[in-house]
Every structure is written in structure tokens, then in C-alpha cells.
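Each chain is listed here by its residues.
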Amino acid sequence: MPFTATVLTMFPEAFPGPLGVSMIGTAWKEQDLWRLETLDIRAFSKDKRGFLDDTPAGGGAGAVLKADVIASALDSLERDGRPLLYMSARGRPLTQARVREWSKAPGIVVLCGRFEGVDQRVLDARGFEEVSVGDAVLAGGEAAAMVVIEACVRLAPGVLGNIESTLEESFEDGLLEHPQYTRPRTFEELDIPEVLLSGDHKKIDQWRKRMREETTRERRPDLWEAHLANQQAKGDPKPGKPKET
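Values in this document were obtained by computation on a predicted structure and should not be read as measured data.

A short note on the overall build of the chain
Turning to step 1, where the next piece is worked out: Helix and strand counts for the chain stand at 7 helices and 9 strands.
Turning to step 2, where the next piece is worked out: Counting only C-alpha atoms and orienting by the principal axes, one finds that the chain spans roughly 70 × 40 × 40 Å.
Turning to step 3, where the next piece is worked out: Contacts spanning at least 24 positions in sequence make up 73% of the contacts within the chain whose residues lie at least 6 apart.
Turning to step 4, where the next piece is worked out: Total accessible area computed for the chain in this model is approximately 14800 Å², and 51% of it derives from carbon and sulfur atoms.
Turning to step 5, where the next piece is worked out: When the 33 positive and 40 negative side-chain charges of the chain are each reduced to one mean point, those points stand 3 Å apart.

So, in C-alpha cells, the structure goes:
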């Protein structure tokens, strides 16, 4: 079976969105390399008026999605060993390492919250993993769910065509990606770095590695420190320094 992403949402009409375009959309609609399903949680309301939420226990503003509604929706699915993810601003940050782990599963089941969130009891009882796509709060989980799904399905076999294109991307080895250039050779008096036009692949590789290190050190000092610690644990020399012989 292809990698299958099932989304539990109040707004199934929000999908596929960007998941339906370009190579990922083609891989879904035409090649069946992955599958997308949506489940409208409104259909599982036990209230005659179709309400999915209620006021927060203990008081406060907003509303909370009810545990029994979410449980009924989830229990109607065949999970097939797929991880359960709940998009939440308080969740653990999304990382490429986690994406790679999920991409090896039969798929993922993603719950999109709304209002003030979801009753904690159903998250605990069903074993949802809370996931954050950044330090910002969204109106709902649909946009965040698309981020997670796209990150996973682009790693599915055949979706990108050439899997080697993912090997030097940001985060794959703890570093951000190096700058990219293409024709024209000069743009608004800015030239492509000469080393990239030299044909010397060893020098090109060295330049790209140096750029990845410099970019990571400047933009993400947290990743840089983790990279240095990892290098030291492996017994590798400091970045930019050759091993002693």
C-alpha cells in the first residue's frame, strides 16, 4: 500500500491545497505513489445541533473540541500502525529526523484542532503525539498538517524522481543547505561564485560544505552547537580542519 495520510478536520474542503500541485500532486493523483484521505469530524457529533465543542473546564475564553467526538472519528478508521499526530503550538518541534521516521511508516493520521484545542483526555487515551511547525499560533491545524504531510510524502519512493536530491538538503546532516545558483552567469552585477563554474568537483564540494557550515553558524547557532557536539562525539576534526595523519 502507498503511504497514506488521513486528516481528521472540521474543514475537509481545505485539502488538498498545495498537496495537489507540482510533483507531489502528480504522484498522488496520477501515479498513486501516496494517498490522501480526509475525515470530517463534524459527522461524529452526538449533539442534535452538530456541536463539536464545549466551554473549557475551569472557565476561560473560547471552546474545546470534545473528547468523545474525536475518539469516535478516530475509532472509525483503520490505523494500520500509522502514527497519530496532533498539530499543536505546544507540541515538540517538527524536525527532518522525525519526518524521516514517519515516512517509513504505512502513513500518518493527523488531527487538526480548532478553537482552544482538543480535550487532553482523548490525546492521552489514544496516544497522539503533539507536533508544532513553529513558534507561532494558527487558527487551526490544517495548514500545519499540510506541512507535515508534504515533508513526509516527498520522501516516498518515486515522488521526487531522484532521491539523491534530498541528501544535501537542510537538516539532513544537522546543517542548513548551501546557497544555490543557476544561469544567467551575471544578475544585476552579481556573479555566480567562480568555484561553481570551475568544473573542479572537489573544490565545489569543499565550497558547499564551507557555505553550509557558515550559514548554519550564522542563522541557527543552536543547530551549529549540536553539530559540533556530534562531530566531537564521532572523533571528527573541527569543521574546516583536515584530520591529522
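What follows continues from the structure just given.
A look at the UniProt feature "binding site: S-adenosyl-L-methionine" in the chain
Turning to step 1, where the next piece is worked out: With numbering aligned to this structure, UniProt lists the feature "binding site: S-adenosyl-L-methionine" at Gly113.
Turning to step 2, where the next piece is worked out: Given the relative accessible area of 6%, Gly113 is considered buried.
Turning to step 3, where the next piece is worked out: For Gly113, the residues in contact, after removing those within four places along its chain, are Leu65, Tyr86, Val118, Gly140 and Gly141.

What about the packing of aromatic side chains?
Turning to step 1, where the next piece is worked out: For the coordinates displayed, the defined rule picks out 2 aromatic pairs.
Turning to step 2, where the next piece is worked out: Where Trp28 meets Trp34, the ring centres are 5.9 Å apart and the plane angle is 35°; that geometry is what we call tilted.
Turning to step 3, where the next piece is worked out: Ring plane angle 55° and centroid distance 6.4 Å describe the contact between Tyr181 and Trp207, whose orientation is recorded as tilted. One end of the pair, Tyr181, is in the loop between helix 5 (142-153) and strand 8 (186-187); the other, Trp207, is in helix 6 (residues 201-219), and 26 residues separate them in sequence.
Turning to step 4, where the next piece is worked out: The class of Tyr181 is partly exposed, set by a relative accessible area of 40%.

Considerations on the pairing of strand 2 (residues 34-40)
Turning to step 1, where the next piece is worked out: As judged from the 7 bridges shared by strand 1 (residues 3-9) and strand 2, these two strands associate in the parallel manner. Among the inter-strand pairings, Thr4 is bridged to a residue of strand 2, identified as Arg35.
Turning to step 2, where the next piece is worked out: After leaving strand 1, the chain enters helix 1 (residues 22-29) and then returns to the sheet as strand 2, a path that is right-handed.

A few points about the domain arrangement of the chain
Accessible area lost upon the coming together of the parts is a frequently used measure of interface size.
Turning to step 1, where the next piece is worked out: With domains assigned, the chain is organised as domain 1 (1-153) and domain 2 (167-232).
Turning to step 2, where the next piece is worked out: Centre-to-centre, using C-alpha coordinates, domain 1 lies 35 Å away from domain 2.

A short note on unusual backbone geometry
What is expected of a backbone is that most residues other than glycine have negative phi and most peptide bonds are trans.
Turning to step 1, where the next piece is worked out: Omega for the bond connecting Phe15 with Pro16 falls within 30 degrees of zero, at 15°, which places this linkage in the cis form.
Turning to step 2, where the next piece is worked out: Summarising the element assignment, Pro16 is placed in the loop between strand 1 and helix 1.
Turning to step 3, where the next piece is worked out: A cis geometry characterises the amide bond from Arg183 onward to Pro184, with omega recorded as 10°.
Turning to step 4, where the next piece is worked out: Note on placement: Pro184 falls in the loop between helix 5 and strand 8.
Turning to step 5, where the next piece is worked out: Its identity is not glycine, yet Asp80 carries a phi of approximately 55°, on the positive side.
Turning to step 6, where the next piece is worked out: Following the sequence through the fold, Asp80 ends up in the loop between helix 2 (67-75) and strand 5 (84-93).
Turning to step 7, where the next piece is worked out: Looking at Asp80, the relative accessible area reads 55%, which means it is exposed.

Cut-offs applied
Residues numbered from 1 in each chain as written. Predicted model: local features only at pLDDT ≥ 70, side-chain atom pairs only at ≥ 80, totals over all residues. Heavy atoms only, no water. Helix = DSSP H or I, 4+ residues; strand = E, 2+ residues; numbered from the N terminus. Contact = heavy atoms within 4.5 Å. Areas by Shrake-Rupley, 256 points an atom, 1.4 Å probe, with all protein chains shown as cover. Lys, Arg positive; Asp, Glu negative; His and termini not counted. Charge placed at Lys NZ, Arg CZ, Asp CG, Glu CD. UniProt positions renumbered as here; feature names shortened; annotations may be inferred. Buried < 20%, exposed > 50% of the residue type's maximum accessible area, 1.4 Å probe, protein only. Phe/Tyr/Trp six-rings, centres within 6.5 Å; stacked < 30°, edge-to-face > 60°. Pairing = 2+ DSSP bridges. Right-handed = clockwise from strand over helix to strand, strands pointing away. Domains from an automatic or database assignment.

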